[in-house]
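# Coordinate analysis (summary)
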Amino acid sequence: SRPSYEEMLRFYSYYKQATAGRCQGPRPGFWDPIGRYKWDAWHSLGGMSKEEAMAAYVAEMKKVAQK
């Protein structure tokens, strides 16, 4: 089965936090709803460390794989 959109957003946010660090850029505009969803998911992680993000990504992957 395929992960849900919410799960995919969590994967994206953990990946970006682990590879790029804290979300720094401006929020995408009204005409880019997918970009806004992705930005919101990443921005919601706040100051989570890269190591914590990597661990959360793996934990999320295990949880999804058990479904």
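Residue numbers restart at each chain and count upward from 1, following the sequence in its written direction. Selection of residues for local features in this predicted model requires a pLDDT of at least 70, selection of side-chain atom pairs for listing and counting requires 80 or more, and totals for whole chains, interfaces and linings are taken over all residues. Only hydrogens and water are set aside; all other atoms, that is, all heavy atoms of the structure, feed into the side-chain values.

## Quick notes on the overall build of the protein
Counted only if it meets this: What counts as a helix is a DSSP run of H or I of at least four residues, what counts as a strand is a run of E of at least two, and both are numbered from the N terminus. Burial status follows relative accessibility: with a 1.4 Å probe on protein chains alone, a residue under 20% of its type maximum counts as buried, one over 50% as exposed, and anything between as partly exposed. Contacts were defined at the residue level, with two residues in contact if any of their heavy atoms lie within 4.5 Å. Reported accessibility uses the Shrake-Rupley method at a 1.4 Å probe radius. Residues are deemed covered only where the shown protein chains occlude them.
Counting its secondary structure elements, the protein contains three helices and zero strands. Ordered by position from the N terminus, the helices and strands of the protein form the series α-α-α. Viewed in the frame of its principal axes, the protein has a C-alpha envelope of about 35 × 25 × 15 Å. The 67 residues of the protein split such that 28% are buried. Partitioning the intrachain contacts of the protein with sequence separation of at least 6 by distance along the chain shows that 69% fall at a separation of at least 24. Surface exposure of the protein reaches about 5000 Å², of which carbon and sulfur atoms provide 59%.

## So, the side chain of Ser13
Quick note on the threshold: Within 3.5 Å is the distance limit for a polar contact, defined as a pair of N or O atoms, with the added protein rule that one can donate a hydrogen and the other accept it, and that residues adjacent in sequence qualify only through two side-chain atoms.
On the secondary structure map, Ser13 appears in helix 1 (residues 5-20). Only 2.9 Å separates the side chain of Ser13 from the backbone oxygen of Arg10, close enough to count as a polar contact. In contact with Ser13, other than residues within four places in its own chain, are Ala41, Trp42 and Leu45.

## Concerning the UniProt feature "domain: ACB" (unreviewed entry) in the protein
How we decide: UniProt positions are given in the numbering used here, feature names are shortened, and annotations may be inferred rather than shown by experiment.
Mapped onto the present numbering, the UniProt feature "domain: ACB" (unreviewed entry) falls at residues 1-67. Annotated as residues 1-67, this span is 64% helix and 0% strand, and its ends, taken at the C-alpha atoms, are 8 Å apart.

## Concerning the pattern of salt bridges
Worth spelling out the cut-off: Salt bridge, as used here: a side-chain nitrogen of Lys or Arg that lies within 4 Å of a carboxyl oxygen of Asp or Glu.
Counting across every chain of the model gives four salt bridges. A salt bridge links Lys67 to Glu7; its shortest N-O distance comes to 2.3 Å. Pair noted here: Lys67 is in the segment after helix 3 (50-65) and Glu7 is in helix 1, with a separation of 60 residues, a long-range link. Judged by relative accessible area, which is 67%, Lys67 ranks as exposed. Residue classification places Glu7 among the buried positions, given a relative accessible area of 5%.

## Brief notes about the packing of aromatic side chains
The description of an aromatic ring pair rests on the distance of the ring centres and on the angle between the ring planes. Applied cut-off: What counts as a ring pair is set by centres within 6.5 Å for rings of Phe, Tyr and Trp (its six-membered ring), and what kind of pair is set by the plane angle: stacked under 30 degrees, edge-to-face over 60, tilted for all other angles. Look at NZ for Lys and CZ for Arg. If either is within 6 Å of the ring centre and within 35 degrees of the ring normal, a charge sits over the ring.
Evaluation of the coordinates by the stated rule reveals two aromatic pairs. Here the aromatic rings of Phe11 and Tyr57 are separated by 5.3 Å at their centres, their planes lie at 55°, and the arrangement is tilted. One end of the pair, Phe11, is in helix 1; the other, Tyr57, is in helix 3, with 46 residues separating them in the sequence. Since its relative accessible area comes to 29%, Tyr57 is described here as partly exposed. Aromatic side chains Phe30 and Trp31 sit 4.9 Å apart centroid to centroid with 80° between the ring planes, which places their arrangement in the edge-to-face category. Overall, the relative accessible area of 61% leaves Phe30 in the exposed class. The ring centre of Tyr12 lies 4.8 Å from the NZ or CZ of Lys38, which sits over that ring.

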